[in-house]
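# Secondary and tertiary structure notes
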Amino acid sequence: MRVCFGLFVLVASGAVMVAVAAGADAPPPPGAKHKGPANRLARSSSPYLLQHASNPVDWYPWGPEAFERAQKEKKLIFLSIGYSSCHWCHVMERESFSNPEIAKILNDNFVCIKVDREERPDIDDIYMTALQVTDQPGGWPLNMFLTPTGKPIFGGTYFPADDKTIDGQTIRGFKSVLKKVLEFDQDRADLEKQADYIAQLTIEALEANSRLVALVQLDRALITDALEAFDIDPEYGGTGSKARGYRGPKFPRPPVWGFLLAYAQKTPSAEWKKKVTLTLGKMLEGGIYDQLGGGFHRYSTERTWTVPHFEKMLYDNAQLVELYSEAYAVDPRPEYRRVVAETLAFIRRDMTSPQGAFYSALDADSNGKEGAFYVWTTEELKAVLGNDADFQLVKSVYGIGAPNFEEKFHILRLPKPLADIARERKSTEEQLLAQLEPLQKKLLDHRRQRQRPFLDTKIITAWNGLMIAAYAKAGQVFQEKAYTTAAAQAADFLLTTMRDPHGRLYRIYAAVPGQAPTATIPGFLDDYAYFIHGLLHLHDATGDAKWLDAAQTLTDVAIRWFADGDKGGFYFSPSDGEKLFVRPKDSYDGVQPSGNAQMARNLLRLGAKRKNEAYRDRGIRTIKAFALALRTSPAAMPTMLRALHELLETAETQQPPRPKDPPQPKKPKTSADVVDAHLTVETPPNGPRRFTLNLTIHEPWYLYANPVGLPMLAESQTEVRVYVAGQKVDSLVNYPKGQNVKESTGEQYAIYTGTVSITGTIPEKAGDIEVRVHVNACKPGVCLPPGELRLRPTR
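Described in the following lines is the structure provided in the data block. As the structure is a computational prediction, the values presented were derived from the model and not from experiment. (Residues numbered from 1 in each chain as written. Predicted model: local features only at pLDDT ≥ 70, side-chain atom pairs only at ≥ 80, totals over all residues. Heavy atoms only, no water.)

## Digging into the overall build of the chain
A count of helices and strands for the chain gives 24 helices and 33 strands. Considering only C-alpha atoms, the chain reaches an extent of 115 × 65 × 55 Å along its principal axes. For the chain, with 795 residues in total, the buried portion stands at 57%. The long-range share in the chain, meaning contacts at least 24 apart out of those at least 6 apart in sequence, stands at 71%. In the chain, 97 side chains carry a positive charge and 95 a negative one; their mean positions are 2 Å apart. (Helix = DSSP H or I, 4+ residues; strand = E, 2+ residues; numbered from the N terminus. Buried < 20%, exposed > 50% of the residue type's maximum accessible area, 1.4 Å probe, protein only. Contact = heavy atoms within 4.5 Å. Lys, Arg positive; Asp, Glu negative; His and termini not counted. Charge placed at Lys NZ, Arg CZ, Asp CG, Glu CD.)

If you want it as structure tokens, here you go:
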């Protein structure tokens, strides 16, 4: 899981964003205190880029100007990627990018580019993958060194400014890293070769799940087999690793629990329901949940959900509201209702724009200290609450004992379920909450007087789509009209403000300092997928046809600009978007669903609502496009598993009987099923026996020739073996030359199509003759499992 953290390793980076005050006492963007001449980033609307606008580093935003200069001056590019609420991004900005000595090295020797990963997730994904294919852990800030054309050389995450010694190990600082890069650059040709190699590894990694469509059966076995891949902490819930003792960091991962919650309702076993209930309970009791102000922090740094990384992200809270609402619908626990109500109150209070759309994030830091806005000393609690009885109540409810943060602060958490605490106090949960309410208000009022975390006020279409879905689902489950109204208001804003004249979505709504905010940056797949998800939920909650119409319209736009018509699925960037060195399809869920998985779910729902088989079939094709990855890496694809679960549920219970199809040719199961073979053997008066093997390959399939011409395909090439009396014998086999094929990646190999003849000799030996042919058959986008043909000569 990728996190905002400080690992002293080589990594990549980038960023862009703008800020609006969270209130009268809202702080300036982190980094704004470093006064100096404004650089190019001062003209950005990205809060993250603006945090670097006074750096002495000669930053460029991502764009042709930077690359043109790098190529003209033959300089390497230093790319740094992050986001506005990233703690370690702020640390590196203060330590390194505000350091005149480091800035001079960067300015003299590199072209420096800053990227906001929230504005340009396409760039972030590509260079994060480039880092990870070199076996480096991912995270932000992501700092990468590139060739002048943008190919990755190497990189890392956070670097301290100077070398440090930690536990007896010397950690290289950023100054030393820069000097080492300049030494490497003395041999530019070697660096270019390394960049070509890493770029190719990156392409292969990003295309691994979508190059070929494997013939994997979409059935319940695929789901039940996948369950074994989810390693659930039996004591505190959440996913992790038993081998590592489930230690942190531990992420909420709503896509996992949404899938397991849906699955648990359809299985007679109570096992998975218990695991979901355990996880949801432990999260809402932990310090990862803001017990006073509502809303969830980013992730837990340790196993028990007590000590979080304190930033609050819109997408986390949106997905968790939807998850707890869905959980309440099948298991109406009062704590689920309370968490939904408190979290949406936090969203309404702190993260909603005047237009009804939703801001992106609250920083983790206040006054440069992580968590300072949220934590308490014992003395503070006593002073604010005023009397010992009130303090004792808060101490009992929130487990105030030894400090649990930095050895002197308390993070408020529930040591056990609130209902259990109430019983111990011979009270009801409702009575206990009523007692706590005025005390919580005192603490909140005092907390609001502290320096508030920076609020990133950019509006992101994708994340707003998730929050629209959350509000709509909560409105439907709890029958709260205010929730549904909030979802509708935000949806109206996106439909009227975040579309161009052709109906295509923009991703960002933000302002350059001193200017009015505007919609900018063409939308990516997740912008469409998440917003369509929200619109479908709004239609469920209200029955208003306009939301279904809007969902269908945006689906058609997404199909036109993002769909892969040959192999199925969707690309992350549009067909007319900026051409980077690879155009990937996202398949794995991070803390948010992959765009492909969400589109698969959307298409199935839209097909059912509209009774339109074309949408449903495209949804099925999208699942099939990633079926092999579902089998090999299911724990990384819970939303696609949920789409498959929903497909199977619909097929079994909701679909009307379809007209009986006319008899169809038998579908091939292995490569041998698409090849007809004929063997003849000649016995001349003199010399060894000779055989002729004719292979006729069904259209549109092809076989890999021998030799295939590409080492990675050597095991897939056609191969003939001769047996006499059941024993393999040496035979001289003559293979015809294949047709050359060249992929867009530059790879070349040879194939057989139509009818080909293979000849060979058979040594003199008594016994029956058998020729065995190993074949691998493919057609564009699909390969069958290997097959073997066994032939005896015709008599």
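## Description of helix H21 (residues 595-610)
Taking 1.5 Å per residue as the helical rise, H21 with its 16 residues ought to reach 22 Å, and the 22 Å between its terminal C-alpha atoms agrees with that figure. The buried count for H21 comes to 13 of 16 residues, which makes it a mostly enclosed element. Looking one or two residues beyond H21, the residue adopting positive phi is Lys611, at roughly 55°. (Expected span 1.5 Å × (residues − 1).)

## Here's the deal with the environment of Trp463
Position of Trp463 relative to the elements: it lies in helix H17 (residues 461-478). When its relative accessible area of 3% is taken as the criterion, Trp463 is described as buried. Considering only alpha carbons, one finds Trp463 and Asp316, 147 residues apart in sequence, at a separation of 9.2 Å.

## Observations regarding helix H5 (residues 121-132)
Across its twelve residues, H5 extends 16 Å between first and last C-alpha, which sits within 8% of the 16 Å expected from 1.5 Å per residue. Judged by how many residues are buried, H5 sits mostly within the fold: ten of twelve residues are covered. Within H5, the full set of buried residues consists of Pro121, Asp122, Ile123, Asp124, Ile126, Tyr127, Met128, Thr129, Ala130 and Leu131.

## A word on the packing of helix H20 (residues 545-562) against H21
If you want to describe how two helices pack, look at the angle between their axes and the distance between the axes. Where H20 meets H21, the axes come as close as 11 Å, and the angle between the chain directions of the two elements is 130°. By the angle between their directions, the pair H20 and H21 is classed as oblique. Read as a crossing pair, H20 and H21 show a hand that is left-handed. Contacts from Leu548, Asp549, Gln552, Thr555, Ala558 and Ile559 of H20 reach H21 at Met599, Leu603, Leu606, Lys609 and Arg610. For the contact of H20 with H21, a count of residues per class yields six nonpolar, two polar and three charged. (Axes fitted to C-alpha atoms, helices over the stretch in contact; angles between N-to-C directions. Parallel < 35°, antiparallel > 145°, perpendicular 65-115°, else oblique. Left-handed = near helix turned anticlockwise from the far one by under 90°. Nonpolar A, V, L, I, M, F, W, Y, C, P; charged D, E, K, R; others polar.)

## Looking at the sheet that holds strand E26 (residues 733-734)
Spatial ordering of the open sheet is given by E21-E22-E29-E26, a layout of four strands whose pairing is antiparallel. Two strands in the sheet have a free side with no partner beyond their single neighbour: strand E21 (675-682) and E26. Across two bridges, E26 lies against strand E29 (residues 755-762) in antiparallel orientation. Residue Asn734 lies in a different strand from E29, and its bridge partner there is Thr759. (Pairing = 2+ DSSP bridges.)

## Some words on the packing of helix H9 (residues 254-264) against helix H10 (residues 271-285)
Direction vectors running N to C along H9 and H10 enclose 140°, while the axes themselves pass 8 Å from each other. With respect to H10, the axis of H9 lies oblique. Our pair here, H9 against H10, has a crossing hand that is left-handed. Here H9 contributes Trp257, Leu260, Leu261, Tyr263 and Ala264 to the contact with H10, which in turn contributes Trp272, Lys273, Lys275, Val276 and Thr279. The class makeup of the residues in the contact of H9 with H10 is seven nonpolar, one polar and two charged.

## Some remarks on the sheet that holds strand E7 (residues 152-156)
Spatially, the five strands line up as an open sheet ordered E2-E4-E3-E6-E7, and their pairing is mixed. Lying at the two open borders of the sheet, with one neighbouring strand each, are strand E2 (59-61) and E7. Each neighbouring strand pair of the sheet contributes to a mean axis angle of 30°, computed without reference to strand direction. The sheet strands contacting helix H2 (residues 64-73) are E2, strand E3 (76-82) and strand E4 (110-116), and the helix crosses E4 at an angle near 160°.

## Digging into the nonpolar core
Within the largest apolar cluster, 187 residues are counted, with the highest numbers of intra-cluster contacts made by Leu106, Tyr127, Phe174, Tyr324 and Ile623. Formed by 30 residues, the second largest nonpolar core is a distinct cluster that contains Val756, Val775, Ala777 and Leu784. (Core = buried A, V, L, I, M, F, W, Y, C linked by side-chain atoms within 4.5 Å.)

## So, the pattern of salt bridges
Here the structure, examined in full by the defined rule, presents 51 salt bridges. Two residues, Arg69 and Glu73, come together in a salt bridge whose shortest N-O distance is 3.3 Å. Residue Arg69 and its partner Glu73 are both found in helix H2; the two are separated by four residues, about one turn of the helix. On the accessibility criterion, Arg69 (18% relative accessible area) is buried. What makes Glu73 partly exposed here is its relative accessible area of 40%. (Salt bridge = Lys/Arg side-chain N within 4 Å of Asp/Glu carboxyl O.)

## So, the packing of aromatic side chains
If you walk through the whole model with that rule in mind, you get 33 aromatic pairs. Taking the centre distance of 4.8 Å and the plane angle of 55° together, the rings of Trp88 and Tyr158 count as tilted. Taken together, the residues Trp88 in helix H3 (residues 87-97) and Tyr158 in the loop between E7 and strand E8 (164-166) connect sequence positions 70 residues apart. Centroid distance Tyr315 to Trp463: 4.6 Å. Interplanar angle 75°. Geometry classified as edge-to-face. On the criterion of sequence distance, the pair formed by Tyr315 in helix H11 (residues 314-330) and Trp463 in helix H17 is long-range, its members being 148 residues apart. An aromatic cluster of at least three residues, connected via ring pairs, comprises Trp59, Phe78, Phe97, Phe110, Phe145, Phe154, Phe159, Phe174 and Phe184. Above the face of the Trp376 ring, Arg450 is positioned so that its terminal group lies 4.2 Å from the ring centre. The aromatic ring of Tyr571 is capped on one face by Lys585, whose charged end is 5.2 Å from the ring centroid. (Phe/Tyr/Trp six-rings, centres within 6.5 Å; stacked < 30°, edge-to-face > 60°. Lys NZ or Arg CZ within 6 Å of the ring centre and 35° of its normal.)

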